[in-house]
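Understanding the architecture of this molecule
Chain residues, written in single-letter form:
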Amino acid sequence: MSDALAAEAWAVYRAAECLYDEATVRAAVDRLAGEVTVALGGSNPLLLCPMTGGVVLAGHLLPQLDFPLEFDYIHATRYAGALRGGELTWKVTPTAELAGRHVLIVDDVLDRGITLAALVDFCRREGAASVHSLVLVDKRCRREAAIEADFVGLSTPDRYLFGWGMDYKGYLRNVPGIYAVTEAS
């Protein structure tokens, strides 16, 4: 990435609106950990992290799940650094066996639903016993796929978000809160 793009991302960050600060996001992750423990703690689940957005959430969630589980990742993207989603591109499928497993997909955001629906469908085709989904953020927007997450941390308006795994043109995933790009950006 270029220095100009990094400077643009920094300017977007400085002008952005903080929707949820770090403490609020951490509290949501704590709550999600408790909900997942109750729902899946005795099922030896496979947690599946969609890269790259889900990695920050998964990194904070995993240490709070005090039960046997397996972890793997999948990489399918519609954004690839762009501000709008395009066609779904598959990059990596899990190495763990999904057949007969209880799978929990752990991702950053649910917006139009296309990617999450494709991931759930993939897991079902691979023979998962059950497929659950957890998202840090549920955007209140029109879904293009008929899907809702089983576990939701926070809800936001339909705005372009970054922070806690969500990016702005490949940058700002590391921001310790959830921010919305302002109209002037």
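Relevant structure appears above.
Residues numbered from 1 in each chain as written. Predicted model: local features only at pLDDT ≥ 70, side-chain atom pairs only at ≥ 80, totals over all residues. Heavy atoms only, no water.

**A closer look at helix H4 (residues 114–125)**
Taking 1.5 Å per residue, twelve residues should reach 16 Å; H4 reaches 16 Å between its end C-alpha atoms and fits that length. Along H4, the positions that sit buried rather than exposed are Thr115, Leu116, Ala118, Leu119, Val120, Phe122 and Cys123. For H4, the elements touching its buried residues are strand E2 (46–50), strand E3 (70–77), strand E4 (89–92), strand E5 (102–110) and strand E6 (130–140). (Helix = DSSP H or I, 4+ residues; strand = E, 2+ residues; numbered from the N terminus. Expected span 1.5 Å × (residues − 1). Buried < 20%, exposed > 50% of the residue type's maximum accessible area, 1.4 Å probe, protein only. Contact = heavy atoms within 4.5 Å.)

**Let's talk about the sheet that holds strand E8 (residues 161–162)**
Read across the open sheet, the three strands follow the order E1-E9-E8; overall the sheet is antiparallel. The strands lining the two open edges of the sheet, one partner per strand, are strand E1 (17–20) and E8. Pairing of E8 with strand E9 (residues 178–180) involves two bridges; the strand directions are antiparallel. Paired with Leu161 across the strands is Ala180, a residue of E9. (Pairing = 2+ DSSP bridges.)

**Digging into the pattern of salt bridges**
Within this structure, the stated rule accounts for twelve salt bridges. As a salt-bridge pair, Arg26 and Glu22 come within 3.0 Å of each other at their nearest N and O atoms. Of the two residues, Arg26 and Glu22 are both situated in helix H2 (residues 22–40); the distance of four residues between them amounts to about one turn of the helix. Assessed through its relative accessible area of 31%, Glu22 is described here as partly exposed. The salt bridge partner of Asp138 is Arg143, with a shortest N-O separation of 2.4 Å. Overall, Asp138 belongs to the buried group, its relative accessible area being 12%. (Salt bridge = Lys/Arg side-chain N within 4 Å of Asp/Glu carboxyl O.)

**Some words on the sheet that holds E5**
Spatially, six strands are ordered E4-E3-E2-E5-E6-E7 in an open sheet, and the strand pairing comes out mixed. In this open sheet, the two strands that pair with only one neighbour each are E4 and strand E7 (151–157). On average, each strand axis in the sheet is tilted by 25 degrees relative to the strand beside it, whichever way the strands run. The pairing of E5 with E6 spans eight bridges and is classified as parallel. Bridged to His102 within E6 is Ser130. Contacting E5, E6 and E7, H2 runs over the sheet at an angle of about 145 degrees to E7. Contacts from H4 reach E2, E3, E4, E5 and E6 within the one sheet, and its direction differs from that of E5 by about 170 degrees. (Axes fitted to C-alpha atoms, helices over the stretch in contact; angles between N-to-C directions.)

**A short note on the packing of aromatic side chains**
Taken as a whole and assessed by the stated rule, the structure comprises six aromatic pairs. Residues Tyr13 and Tyr179 carry aromatic rings whose centres are separated by 5.3 Å and whose planes lie at 90 degrees to one another, so their mutual orientation is edge-to-face. Of this pair, Tyr13 sits in helix H1 (residues 3–15) while Tyr179 sits in strand E9, placing them 166 residues apart in sequence. By way of ring pairs, the aromatic residues Trp10, Tyr13, Phe162 and Tyr179 are connected into one cluster. (Phe/Tyr/Trp six-rings, centres within 6.5 Å; stacked < 30°, edge-to-face > 60°.)

**Brief notes about the nonpolar core**
In this structure, Val36, Leu61, Leu104, Val106, Leu134, Leu136 and Ile178 are the most contacted members of the largest nonpolar core, which totals 26 residues. Mapped by element, the contributors of at least two residues to this core are H2, E2, helix H3 (55–61), E5, E6, E7 and E9. The dominant element in this core, judged by the number of residues it contributes, is H2, at seven residues. In this structure, Ile178 is in contact with Glu17, Cys18, Leu19, Tyr20, Val25, Leu136, Val137, Leu154, Leu161, Phe162, Trp164 and Met166, ignoring residues within four places of it in sequence. In terms of nonpolar packing, the next biggest core, distinct from the first, is built from 20 residues, Leu46, Ala76, Leu110 and Val120 among them. (Core = buried A, V, L, I, M, F, W, Y, C linked by side-chain atoms within 4.5 Å.)

**Quick word on the side chain of Asp108**
Mapped onto the fold, Asp108 is located in strand E5. The charged side chain of Asp108 is buried without a salt bridge, its nearest counter-charge being Arg173 at 4.7 Å. When neighbours within four sequence positions are excluded, Asp108 is seen to be in contact with Gly53, Gly54, Val135, Leu136, Val137, Trp164, Gly165 and Met166. (Lys, Arg positive; Asp, Glu negative; His and termini not counted.)

Nothing here speaks to function; it is geometry throughout.
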